[in-house]
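What follows is each chain in one-letter form.
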Number of protein chains: 2
Amino acid sequence: MPDIGIIGAGIAGLQLGLLLRRHDVPVTIYTDKTAAQLAGGRLLNSVAHHAPTLTRERALGIDFWPVEEYGYSCHHHYLGGPEPMSWRGDFDEWSSAIDYRLYLPKLIETFEERGGRLEVRTLQAEDIEPISGRHDLLVVAAGRGAFAALFPRRPELSPYDRPQRVLSVGLYHGIAYPEPKGVTISVSPGHGELLEIPMYSGHGFTTALLFENVPGGDLEVLGRQRYDDDPKSYERLVLDKLAKHHPQTFARVDPASFALTGPLDLLQGALTPTVRQDYAKLPDGKFALAIGDVHTVVDPVVGQGANSASHSAWVTGQAILADYGFDELFCQDVAARRADVVLGAANWTNLMIGPPPEHLLRLFGAMYENKAVADEFTNNFDYPDRQWRILATTERTNEFLARRAS
Amino acid sequence: MPDIGIIGAGIAGLQLGLLLRRHDVPVTIYTDKTAAQLAGGRLLNSVAHHAPTLTRERALGIDFWPVEEYGYSCHHHYLGGPEPMSWRGDFDEWSSAIDYRLYLPKLIETFEERGGRLEVRTLQAEDIEPISGRHDLLVVAAGRGAFAALFPRRPELSPYDRPQRVLSVGLYHGIAYPEPKGVTISVSPGHGELLEIPMYSGHGFTTALLFENVPGGDLEVLGRQRYDDDPKSYERLVLDKLAKHHPQTFARVDPASFALTGPLDLLQGALTPTVRQDYAKLPDGKFALAIGDVHTVVDPVVGQGANSASHSAWVTGQAILADYGFDELFCQDVAARRADVVLGAANWTNLMIGPPPEHLLRLFGAMYENKAVADEFTNNFDYPDRQWRILATTERTNEFLARRAS
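Residues numbered from 1 in each chain as written. Chains lettered and ligands numbered in written order. Predicted model: local features only at pLDDT ≥ 70, side-chain atom pairs only at ≥ 80, totals over all residues. Heavy atoms only, no water.

The name given to chain A in an unreviewed UniProt entry is 2-polyprenyl-6-methoxyphenol hydroxylase-like FAD-dependent oxidoreductase, and the organism recorded there is Amycolatopsis endophytica.

See the structure below:
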């Protein structure tokens, strides 16, 4: 029985650890935060889990928030501009969004209950060799830290050298859910996107507003102005910007009760989308495999990061269970098996945050006119490889639209 | 609906064409021989179809020789040397061997019946551009000819620069099938292997003897001596060599009736195992995808070539049906999806025809001692990716054997 070391206790590390524990594989997860620190800390993200991720959670026995109760069924699209358009796309299978300050601690607790070993410590570069010595394989599932530096950036898959959006994501009271309950994807051309997500948190059912703001645009200030300096001023700013740029969401706001759910429930920042090498050879000759953010960090604009990480963890876990060695062949095999979904998610996301190509706008127009196309685009949030096959080139989108029209 | 051109009417080209026709995709297959020429010509090979290939044939409605009637259930192993060992490995699902002079013409006929277009002509390099102009995608499924030159050899996956075996394969009367009916894999250390295959041909149930002779060894003459110069002398030579090197098969020979089934039923030659690039960009900007022998040509010693080609055709066909363009992304996607099986088959085969490493001999020993290991090795003829994961390194074989021993 191999012994696996996992660096990082995010969704990738924990789902991999839980999969391996289901087959009695010895696993140690190294993380720099306790479950209690995560639970009591700042908002971590505004992640939605799509159907394939939820299916994996059921297989792992970690479906603690049943999708029928906590989930949602659709995407409401609003495309602003001189002639605003709105339309809806329905999922065949629901998605859901649970605050990771609930989700990750529960998974950590479950991992330990099921015999997984958790070591809470901050790792340094000099820890790589001794930790590798303890395990047959290291899986690096932490986007930051000493181990992340093992995996060089792949420039051919990393078109940006700086963030394309300035982010502000917060949990709010005072926004009525749309009907049917779903995520609203609102675009203010030239200024950015809003993802309005029905999220279950420690405050119950709340709304996450993830503002994806174009640098230099009218909304960038949402990612720059400090909330703590003047909370009321920040909330007024959000309302003003919602009214101007994202009116479909603003229409459901009750200004009297609108407020951030708590001072730790706002996260501001920016990230540079980056694809890194799949694996690295360590000084002792063993291999380290990258999964999750350390392998591909994507902008959150289409909610692919966590789902891609979960997919990568699943593929990696199945390969560990089926294989007889953790050498370069193993790493190449995992890389090949996950490439379609993981690189599809990265490529699709990178397209969405660049200058919108004409064929993307044409697809939006087709979604507005043809509900079946809108549903397919929505369902492909579950299958980013399929979405990318449609959107990779003008010719592909043309062919897709021609087939759906016929 | 895309229009697909296929160069080559072997198993890869025909199974791909038949898959596409099942979905009404327009397909033209270019080949340099008519069905009648194939049917009346020299023995083409001694191919066995393993269970995944037979499953695909049922899905395509081309299971013309039901495995229950024409197939076999096991491998009989004979390992010669000072202390000969023999053992049997059983398949979970049967394999079968049908003379390709029956098989390919029947598939060509079916392809045309189902609306496929067949063009019989010998293509030259100057045909590439006009033929590419007629189709959305060219799939090259012919190991030889002008189109094969499009795909450069991949040296890192092609360890040999010359043939490792001198081959002689013929169909014979006068050999009783072993009980249970199966392929016999007989090894004469230092001199080569014999694959004795129960094959159905135009002569009914016959036996194919595929001699895999080490250059410079005592058996090389089987691939060199000309049958036509003196048929009786060649048959006597085969009997003499069988008696000396492959006694388990010789014991089932009836010398009085032993004979080649006909003057065209012998094929001699040699091939250099080669892995080539997955795809090529054509002068007009379109892409050509390599499948079958033009992508990976393997020595026939473990019967993987046709099955690998069939797998590649299936993966390619599914990708054509699901995709919206035949660009580099499409080609890379096919390459990634088939890599485990197709490169696994090539790597495993290349190991079998090199100097036998100690861990391969250790695996043979374990098969002799443990029927479950022999059965697993046998079933992995269906899954060359799994076989390669066991055999790629000494450490992997050790780990595999340790797990099976516990």
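Engineer: Could you clarify how one ought to interpret the interface of chain A and chain B in this entry?
Structural biologist: Interfaces are often sized by the amount of accessible area the parts lose when they come together. Across the contact, 26 residues belong to chain A and 26 residues belong to chain B. Between chain A and chain B the total buried area reaches about 2,000 Å² when both faces are included, carbon and sulfur atoms providing 45% of it. For the chain A face of the interface with chain B, the top three residues by lost area are Tyr324(A), Arg389(A) and Arg396(A), together amounting to 40%. Joining chain A to chain B, the criterion identifies 8 salt bridges. (Contact = heavy atoms within 4.5 Å. Buried area = accessible area lost by both parts, 1.4 Å probe. Salt bridge = Lys/Arg side-chain N within 4 Å of Asp/Glu carboxyl O.)

Engineer: What is the right way to look at the relation of the copies chain A and chain B in this model?
Structural biologist: The two chain copies are related to each other by a rotation about an axis together with a translation along it. Expressed as a screw operation, the relation of chain A to chain B combines 0.0 Å of axial shift with a rotation of 180 degrees, fitting to an RMSD of 0.0 Å. What the superposition gives is, in effect, a two-fold axis relating one chain to the other. Taking the C-alpha atom as reference, chain A places Ala336(A) closest to the rotation axis, 2.7 Å from it. A symmetric contact is evident, with 100% of the interface residues of chain A recurring at the interface of chain B. (Least-squares fit on C-alpha atoms with pLDDT ≥ 70 in both.)

Engineer: Whenever I open this one, the side chain of Glu193(B) confuses me. Can you help?
Structural biologist: Residues and elements named next belong to chain B. Along the polypeptide, Glu193 turns up in strand β9 (residues 192–201). The exposure class of Glu193 is buried, given its relative accessible area of 9%. Of note is the side chain of Glu193, whose polar atom sits 2.8 Å from the side chain of Arg165. Excluding its chain neighbours within four sequence positions, the residues that come into contact with Glu193 are Arg165, Ser186, Val187, Leu210, Phe211, Glu212, His246, Val301 and Met352. (Helix = DSSP H or I, 4+ residues; strand = E, 2+ residues; numbered from the N terminus. Buried < 20%, exposed > 50% of the residue type's maximum accessible area, 1.4 Å probe, protein only. Polar contact = N/O pair within 3.5 Å; in protein donor to acceptor, adjacent residues only side chain to side chain.)

Engineer: Got a minute to help me understand the pattern of salt bridges in this structure?
Structural biologist: Think of it this way: side chains of opposite charge can pair up when their charged atoms draw near. Residue and element names in this part refer to chain A. Counting across every chain of the model gives 60 salt bridges over all chains. Its salt-bridge partner being Arg162, residue Asp161 comes within 3.2 Å of it at the nearest N-O pair. A salt bridge links Asp229 to Arg226; the nearest nitrogen and oxygen atoms lie 3.3 Å apart. Each member of the pair, Asp229 as well as Arg226, carries the same accessibility label: exposed. Because the salt bridges share partners, they merge into one network encompassing Arg117, Glu119, Arg121, Asp127 and Arg134.

Engineer: Which parts of the structure should I look at to understand the pairing of strand β2 (residues 27–31) of chain B?
Structural biologist: Side chains on a regular strand alternate between the two faces of the sheet. All names here are of chain B. Counting buried residues along β2, 5 of its 5 residues qualify, which places the element largely inside the surrounding structure. Burial along β2 is two-sided: the face carrying Val27, Ile29 and Thr31 and the face carrying Thr28 and Tyr30 are both buried. Taken together, the 4 bridges between strand β1 (residues 4–7) and β2 define a ladder with parallel strand orientation. Each residue of the ladder has a partner; that of Ile6, found in β2, is Ile29. Following the chain from β1 across helix α1 (residues 11–21) to the adjacent parallel β2, one finds a crossover that is right-handed. Here β2 pairs with strand β5 (residues 117–120) via 4 bridges, running parallel. (Pairing = 2+ DSSP bridges. Right-handed = clockwise from strand over helix to strand, strands pointing away.)

Engineer: I keep staring at the sheet that holds β1(B) and nothing clicks. Help me out?
Structural biologist: Two orientations exist for strands paired in a sheet by backbone hydrogen bonds: parallel and antiparallel. Residues and elements named next belong to chain B. Judged by pairing direction, the sheet is mixed, and its 6 strands sit side by side in the order β5-β2-β1-β6-β15-β14 without closing on themselves. The open sheet is flanked by β5 and β14 (279–281), the only strands paired with a single partner. Mean inter-strand twist for the sheet, computed between neighbouring axes without regard to direction, equals 20 degrees. Where β14 and strand β15 (residues 287–290) come together, 3 bridges link them in antiparallel fashion. Within β15, the residue paired with Lys281 across the bridge is Phe287. Contacting β2 and β5, helix α5 (residues 100–113) crosses the sheet at an angle of about 125 degrees to β5. (Axes fitted to C-alpha atoms, helices over the stretch in contact; angles between N-to-C directions.)

Engineer: Before we go on, may I ask you to explain the environment of Lys232(B) in this structure?
Structural biologist: Structurally, Lys232(B) can be placed in helix α8 (residues 231–245). Separated by 27 residues in the primary sequence, Lys232(B) and Ala259(B) place their C-alpha atoms 8.3 Å from one another.

Engineer: Please clarify how the domain arrangement of chain A should be interpreted in this entry.
Structural biologist: All names here are of chain A. Taken as a whole, chain A is organised into domain 1 (4–47 + 99–160 + 273–353), domain 2 (165–271) and domain 3 (358–405). One C-alpha centre belongs to domain 1, the other to domain 3, and the line joining them spans 31 Å. Across the contact, 10 residues belong to domain 1 and 11 residues belong to domain 3. Buried area between domain 1 and domain 3, summed over both chains or domains, comes out near 930 Å², and the portion from carbon and sulfur atoms is 77%. It is Trp348, Leu351 and Met352 that lose the most area in domain 1 upon contact with domain 3, and together they represent 51% of the buried surface on that side. Taken together, domain 1 and domain 3 are joined by 0 salt bridges. Tallied by class, the residues present in the side of domain 1 that touches domain 3 amount to 6 nonpolar, 3 polar and 1 charged. (Domains from an automatic or database assignment. Nonpolar A, V, L, I, M, F, W, Y, C, P; charged D, E, K, R; others polar.)

Engineer: What's the story with the packing of aromatic side chains in this structure? I'm lost.
Structural biologist: How two aromatic rings sit relative to each other is set out by the distance from centre to centre and by the angle between their planes. The full count for this structure, using the stated rule, is 34 aromatic pairs over all chains. Taken together, a centroid distance of 6.1 Å and an interplanar angle of 90 degrees make the contact between Trp348(B) and Phe377(B) edge-to-face. Remark: Phe377(B) occurs in helix α13 (residues 371–379) and Trp348(B) occurs in helix α11 (residues 328–352); sequence separation between them is 29 residues. Accessibility expressed as a relative area gives 0% for Trp348(B), which makes it buried. In this structure, Lys106(A) packs its charged tip against the face of Phe64(A), placed 4.7 Å from the ring centre. (Phe/Tyr/Trp six-rings, centres within 6.5 Å; stacked < 30°, edge-to-face > 60°. Lys NZ or Arg CZ within 6 Å of the ring centre and 35° of its normal.)

Engineer: I'm lost on the UniProt feature "domain: Styrene monooxygenase StyA putative substrate binding" (unreviewed entry) in chain A in this one. Help?
Structural biologist: On the UniProt side, "domain: Styrene monooxygenase StyA putative substrate binding" (unreviewed entry) is annotated at positions that read residues 143–252 of chain A here. Between the end C-alpha atoms of residues 143–252 of chain A there is a gap of 36 Å, over a span that is 21% helix and 32% strand. (UniProt positions renumbered as here; feature names shortened; annotations may be inferred.)

Engineer: Hey, could you run me through the confidence of the model for chain A in this one?
Structural biologist: As a general rule, the predicted coordinates of low-pLDDT regions are not to be interpreted in detail. For chain A, the average pLDDT comes to 97, and 100% of its residues sit at 70 or higher. Model confidence for the complex: the whole-complex pTM is 0.95, and ipTM, which rates the interface, is 0.91. (pLDDT = per-residue confidence, 0-100.)

Engineer: Where do I start with the sheet that holds strand β15 (residues 287–290) of chain A in this structure?
Structural biologist: All names here are of chain A. Overall, mixed pairing links the 6 strands, which are arranged β5-β2-β1-β6-β15-β14 in an open sheet. Strands with a single pairing partner mark the edges of an open sheet, and in this sheet they are β5 (117–120) and β14 (279–281). Taken pair by pair, the neighbouring strands of this sheet meet at an average axis angle of 20 degrees, ignoring direction. Note: strand β1 (residues 4–7) against strand β6 (residues 137–140), 4 bridges, orientation parallel. Bridge pairing in β6 links Ile7 to Val140. Sitting on the sheet, helix α11 (residues 328–352) touches β6, β14 and β15, and the angle it makes with β15 is about 10 degrees.

Engineer: Sorry if this is basic, but what is going on with unusual backbone geometry here?
Structural biologist: The bulk of non-glycine residues show a negative phi, and the bulk of peptide bonds are trans. Residue and element names in this part refer to chain A. In the segment running from Glu179 into Pro180, the intervening peptide bond is cis, with an omega of -5 degrees. For Pro180, the location among the structural elements is in the loop between β7 (166–173) and β8 (182–188). Non-glycine residue Asp24 carries a positive phi angle of around 60 degrees. On the secondary structure map, Asp24 appears in the loop between α1 (11–22) and β2 (27–31).

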